[in-house]
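Residue-level structural notes
This is what each chain is made of:
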Amino acid sequence: MVSIKGGRKRLMTGVVATAAAGLALGAFALSGTANGATETAEAAAAQHAKPTIVLEHGAFADGSSWNGVIADLRADGYPVVAAANPLRGPASDAAALRTVLDHVKGPKIVVGHSYGGNVISAAATDAPEVKALVYVAAFLPAPGESALELTNRYPGSTLPGALDPVTYQQADGSTATDLYIQQDKFHHQFAADVAAGQAALMAAEQRPIAQAALEEKATTAAWKTKPSWDIITTEDLNIPPAVQRFMAKRARAHTTEVAASHSVAVSHPHLVASVIERAARATVR
């Protein structure tokens, strides 16, 4: 386990020159080729290309929460896709993410923040091109466990008192509840180590999660068969550090601890990118 007490500068590594060929077309590879020569050239480039990093955000966030991480990864030559998480339930959200994983060609490292951990644990099951999983202040549920159950396994989460539930009627006449974080509590609860101005923007832009999503039980766990890395946030008010450590130990994940809030990808993007790259180097040759 690596323990980090505060932010630190990332050691920049050189970008492999041959990766540029793979990046020229972006993360989504074209399936057709003009002729055999092109096919051979693409195969040669693929041997030297870096894996695509697929990022899955969690509740009360969106893809922009990965901006700093994406900038670092791209600077180091990694193709990146930040998937949109519907936040409706682990099974349906995993199905949506799986369409992205199936579309992106070649080896992949899949990263999940918070509730996104539930999603990647399901979506990456039986996905041979997913070489590693990286959990960022995230849930690593076992089959039969929910995010809500895991949160309550140890004391420390103050999230329930910060929530703003919105109940609405669905098309079939039934009711459902979406959960937001109250905007005046967002900074302290979710992003205490992020500048106040940026945290205010995050609060205004937050995506709600269905309450049912936090209660839905996992049915599979990709971390049981794939190598995993886990960033544990010791100042987290959403998922208690004790819960994070319990899940990481059970998954035999390579762990890094950092004195950070739940929004560690925003407050410590260099650290998060470095752990992702470590997972990529260890599993993709």
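Being a predicted model, the structure only gives us computed values, none of them experimental. (Residues numbered from 1 in each chain as written. Predicted model: local features only at pLDDT ≥ 70, side-chain atom pairs only at ≥ 80, totals over all residues. Heavy atoms only, no water.)

**With respect to unusual backbone geometry**
One non-glycine residue, Phe-60, lies in the positive phi region at around 65°. Inspection of the secondary structure assignment puts Phe-60 in the loop between strand S2 (52-56) and helix H3 (67-75). A positive phi angle, near 60°, is found at Asp-126, a position not held by glycine. Residue placement: Asp-126 occurs in the loop between helix H5 (116-123) and strand S5 (130-136). Take Asp-126: its relative accessible area is 67%, and that puts it in the exposed class. (Helix = DSSP H or I, 4+ residues; strand = E, 2+ residues; numbered from the N terminus. Buried < 20%, exposed > 50% of the residue type's maximum accessible area, 1.4 Å probe, protein only.)

**A few points about empty space enclosed by the protein**
One pass over the structure, following the stated rule, counts one cavity of 30 Å³ or more. Approximately 60 Å³ is the volume attributed to the largest cavity. If you go around the largest cavity, the residues you meet are Ala-61, Ser-65, Trp-66, His-113, Phe-190, Met-202, His-262, Ser-263, Val-264, Ala-265 and Val-266. Residue contributions to the lining of the largest cavity peak at three residues, all from helix H11 (residues 264-267). A breakdown of the residues in the lining of the largest cavity according to their chemical character gives seven nonpolar, four polar and no charged. (1 Å grid on protein atoms, 1.4 Å probe; cavity = no way out; pocket = protein on both sides within 12 Å on 5 of 7 lines; lining within 4 Å. Points joined across faces, edges and corners; volume = space filled by probe spheres on them. Nonpolar A, V, L, I, M, F, W, Y, C, P; charged D, E, K, R; others polar.)

**Overview of the sheet that holds strand S8 (residues 209-210)**
Strands sit in the order S6-S7-S8 across an open sheet of three strands; the sheet is antiparallel. The outermost strands of the open sheet, each flanked by one partner alone, are strand S6 (163-169) and S8. By the bridge criterion, seven bridges tie S6 to strand S7 (residues 175-181) in an arrangement that is antiparallel. Pairing of Val-166 across the sheet is with Asp-178, part of S7. (Pairing = 2+ DSSP bridges.)

**Here we look at the packing of helix H4 (residues 90-103) against H5**
Where H4 meets H5, the closest approach of the two axes is 8 Å, and the angle between their N-to-C directions is 60°. Helix-helix and strand crossings are classified by hand; for H4 and H5 the assignment is right-handed. Residues Pro-90, Asp-93, Ala-94, Leu-97, Arg-98 and Leu-101 of H4 form the contact with H5, whose own contacting residues are Asn-118, Val-119, Ile-120, Ala-122 and Ala-123. For the contact of H4 with H5, the per-class residue count stands at eight nonpolar, one polar and two charged. (Axes fitted to C-alpha atoms, helices over the stretch in contact; angles between N-to-C directions. Left-handed = near helix turned anticlockwise from the far one by under 90°. Contact = heavy atoms within 4.5 Å.)

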